Amino acid sequence: MSATIQVRNPATLEIVQELPVASPIEVAAAVARARQVQASWQLTSFTERARLLYRLRDLLLDESDTLADILTSETGRPRAEVYGNELFYLCNAIGAWAKNSEGYLRQQKIAPSFPLVKAKKAYSTYAPRGVIGIISPWNFPLTLTLGEALPALMAGNAVIIKPSELTPLSAIFGADLAARAGFPQDLLQIVVGYGDTGAALVDHADMIAFTGSVETGKRVMHRAADRLIPVSLELGGKDPLIVLKDADIERAAGACVWGSLMNSGQACTSIERVYVEAPIYQAFVDKVVARVKAVRQGKSTDDVDIGCMTSEAQLNKVAAQVDEARAKGAKILTGGRRNPSLPGFYYEPTVLVDVDHSMSVMSDETFGPVIPIMRIKNPEEAIALANDSRYGLGASIFSRDKSAAAKLAEKIESGAVCINDSLVNFIVLEAPMGGRKDSGYGYRHGAEGIRKYCQQKTIVVDRFGLKEEFPWYPASEKKARQVRHLLNLLCHSGWTHKLRAFKGLMRG
Ligand code: NAD
């Protein structure tokens, strides 16, 4: 393993920067420094933490052009996406966490329901876990690093981020801005490196929030098991879009194209397969093809809609899936090849029909600008096909009958469903976002998105201060009989049992 990382611009193939890799010893030292500063950070108020977040938001906005330069240089994405996705997300997320964290982590009163426990008062508190390790992929280099750190910091933790080896620069810039905003030194640190650096973080942090592939997620969970530290896993997806015959076809086609091609399809909740009811199938396909043909692909410095793939390995995976589908009989209506007129990792936006679930483009995660569309007979078939997947992250349904769509949504095995929309659940920061099946474990956003970074503690207080409690020693046959009578009186559903228990208690 090399001791440096060369960050390459995937659009131009030029080396942007070379960075040293953090060794396991350096990771351990970073965690130790973070642990020290966390001890005082956890004593700060929510108001103070929120104040620093708002300051960070101002700096992100003030420096958005520099941020766009950095982010486009390591991803090849258009500048419009930096402002429209990453900056939009962070502004939204900072506002939501600054406003909601205190409420999410407020002490909770607990009322015991069993009459024999009502003499106890209980409440529950949320304490920070300590040092949170965040391990991130390359597709949203700021949202999935700094964005994921926001709730962890608001909960009173320190954070160490291990960004993807392909896109570490945005996270480094984000951490620099956090330091300028006034977050204490070493509270938020970046460790740059490959998988080994991530593994070292698992060996030292108090919790890992991992976003990435299913395979790496499993490895992280195995390693975390050795130390019994919690993990949250946000993994891959194969999100279906179902278009029913009463749908607004124009809106469905627009949402489909954007939901599939945004960030060149490199989003965990990208629409990756489309099921359309037969009566509107052809009209829908025609609209999608027309829209896809109008999408402008090119360099981030030009006025374009989509950029390139961030990784060549990912481009090759996308190409292999499309080639396999073609060999098995799929028809390519547009795209279907690497863009020959651009030097970087550009794959043309692609629409495929005559596809089925024997093809990897319908069963494996694609993570590229590909829209495979299948004709279906009815909603039941759509649900069966949507659930015929190892993944369960998101889904979309289009229908003018919103209550029928909501009933169908209940049947989809996924963590979220958008009705008459695509991808938007990710920007509703108050709503939990997580996956089922191979798509992961745990949640980001909403109350769960911050409580996962906390150790919940229950405090139980005695109300009456009696000198003796019933179960205390010495035990006796009489006490045992009385407990049995009491339980029968309170819990048995038969009246004769209750009566017998009452008489038994009266006898003593
Ligand atoms: P990846 O799993 O290859 O890498 C993710 C991160 O893990 C990288 O930082 C990598 O260096 C690190 N890593 C690699 N081996 C490790 C190890 N043994 N221990 C600890 N860390 C290790 O994923 P990727 O290719 O960077 O990202 C693409 C994947 O991310 C896709 O599958 C996509 O669906 C998924 N993703 C999921 C979500 C979500 O919210 N569900 C969001 C974005 C991306």
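Refer to the structure above for everything that follows.
Residues numbered from 1 in each chain as written. Predicted model: local features only at pLDDT ≥ 70, side-chain atom pairs only at ≥ 80, totals over all residues. Heavy atoms only, no water.

Draft legend 1. The sheet that holds strand S3 (residues 108-110), seen in detail. Taking strand neighbours across the sheet as the criterion, the three strands line up as S3-S4-S22 in an open arrangement whose pairing is antiparallel. The open sheet is flanked by S3 and strand S22 (454-462), the only strands paired with a single partner. The sheet shows a mean angle of 25 degrees between the axes of neighbouring strands, taken without regard to direction. Pairing geometry for S3 and strand S4 (residues 120-128), over three bridges, is antiparallel. Bridging from a neighbouring strand, Gln108 pairs with Ser124 of S4. (Pairing = 2+ DSSP bridges. Helix = DSSP H or I, 4+ residues; strand = E, 2+ residues; numbered from the N terminus. Axes fitted to C-alpha atoms, helices over the stretch in contact; angles between N-to-C directions.)

Draft legend 2. Inspection of the packing of helix H2 (residues 46-62) against helix H4 (residues 79-104) at higher detail. Where H2 contacts H4, the two axes come as close as 9 Å, and the packing angle between them is 170 degrees. With respect to their mutual orientation, H2 and H4 come out roughly antiparallel. Of the residues in H4, those touching H2 at Phe46, Ala50, Leu53, Tyr54, Leu56, Arg57, Leu60 and Leu61 are Leu87, Leu90, Cys91, Ile94, Gly95, Trp97, Ala98, Lys99, Ser101 and Glu102. Of the residues in the contact of H2 with H4, the class split is 13 nonpolar, two polar and three charged. (Parallel < 35°, antiparallel > 145°, perpendicular 65-115°, else oblique. Contact = heavy atoms within 4.5 Å. Nonpolar A, V, L, I, M, F, W, Y, C, P; charged D, E, K, R; others polar.)

Draft legend 3. How the structure looks around the packing of aromatic side chains. As enumerated under the stated definition, the model contains four aromatic pairs in all. Their ring planes at 35 degrees and their centres at 5.2 Å tell us that Tyr89 and Phe426 sit as a pair that is tilted. Within this pair, whereas Tyr89 is found in helix H4, its partner Phe426 is found in the loop between strand S17 (418-419) and strand S18 (433-434), the two being separated by 337 residues in sequence. The same class applies to Tyr89 as to Phe426, namely buried. (Phe/Tyr/Trp six-rings, centres within 6.5 Å; stacked < 30°, edge-to-face > 60°. Buried < 20%, exposed > 50% of the residue type's maximum accessible area, 1.4 Å probe, protein only.)

Draft legend 4. Broad picture of the packing of helix H3 (residues 64-75) against helix H6 (residues 169-181). It is at 8 Å that the axes of H3 and H6 come closest, and there the two elements cross at 155 degrees. The pairing of H3 with H6 is recorded here as roughly antiparallel in orientation. Here H3 contributes Thr66, Leu67, Ile70, Leu71, Ser73 and Glu74 to the contact with H6, which in turn contributes Leu169, Ser170 and Phe173. By residue class, the composition of the contact of H3 with H6 is five nonpolar, three polar and one charged.

Draft legend 5. Region of interest: the site of the ligand. In the vicinity of the ligand lie 28 residues, with Lys162, Glu165, Ser213, Leu235 and Glu365 positioned nearest. Contacts to the ligand include Leu235, whose backbone N or O atom sits 2.6 Å from a nitrogen atom. Protein chains shield 88% of the accessible area of the ligand, which is 860 Å² for the free molecule. Judged by the proximity of its atoms to the pocket grid, the ligand belongs to the largest pocket. Secondary structure elements with two or more residues in the shell around the ligand: helix H7 (195-204), strand S8 (207-211) and helix H8 (214-227). For the shell around the ligand, the leading source of residues is H7, giving three residues. A class-by-class count of the residues in the shell around the ligand yields 13 nonpolar, 10 polar and five charged. (Near = heavy atom within 4 Å. Polar contact = N/O pair within 3.5 Å; in protein donor to acceptor, adjacent residues only side chain to side chain. Areas by Shrake-Rupley, 256 points an atom, 1.4 Å probe, with all protein chains shown as cover. 1 Å grid on protein atoms, 1.4 Å probe; cavity = no way out; pocket = protein on both sides within 12 Å on 5 of 7 lines; lining within 4 Å. Sits in = over half its atoms within 2 Å of the grid points.)

Draft legend 6. View of unusual backbone geometry. The linkage connecting Tyr473 with the following residue, Pro474, adopts the cis geometry, with an omega of 5 degrees. Within the secondary structure layout, Pro474 lies in the loop between S22 and helix H16 (477-491). One non-glycine residue, Lys437, lies in positive phi territory at about 50 degrees. Structurally, the position occupied by Lys437 is in strand S19 (residues 436-437).

Draft legend 7. Structural view of the layout of surface pockets. Taken as a whole, the largest pocket encloses approximately 1200 Å³ of empty space. Lining the largest pocket are 46 residues; nearest its centre among them are Trp138, Ser164, Glu165, Ser213 and Thr216. Listing elements by their share of the lining of the largest pocket, those giving two or more residues are strand S1 (4-8), H7, S8, H8 and helix H11 (312-327). The dominant element in the lining of the largest pocket, judged by the number of residues it contributes, is H8, at six residues. Within the lining of the largest pocket, the residues separate by chemical class into 20 nonpolar, 14 polar and 12 charged. (Points joined across faces, edges and corners; volume = space filled by probe spheres on them.)

Draft legend 8. Seen up close, a positive patch on the surface. Where like charges cluster on the molecular surface, the positive patch consists of Lys478, Arg481, Arg484, Lys503 and Arg507. It is H16 that contributes the most residues to the positive patch, three residues altogether. Given the relative accessible area of 47%, Lys503 is considered partly exposed. (Patch = residues over 30% accessible without salt bridge, like charges linked within 9 Å, V, L, I, M, F, W, Y side chains within 5 Å. Salt bridge = Lys/Arg side-chain N within 4 Å of Asp/Glu carboxyl O. Lys, Arg positive; Asp, Glu negative; His and termini not counted. Charge placed at Lys NZ, Arg CZ, Asp CG, Glu CD.)

Draft legend 9. Structural view of the side chain of Ser170. Here Ser170 lies in helix H6. Residues in contact with Ser170, not counting those within four places in the same chain, are Ile70, Leu71, Glu74, Pro141 and Leu142.

Draft legend 10. Structural view of the sheet that holds strand S6 (residues 158-162). Overall, mixed pairing links the six strands, which are arranged S7-S6-S5-S8-S9-S20 in an open sheet. Of all strands in the sheet, those bounded by a partner on one side alone are strand S7 (188-190) and strand S20 (440-441). Strands in contact with helix H5 (residues 146-154) are strand S5 (131-135), S6, S7 and S8; relative to S6, the strand with the most contacts, it is inclined by about 165 degrees. Along the sheet, H7 makes contact with S5, S6 and S8, crossing S5 at roughly 155 degrees.

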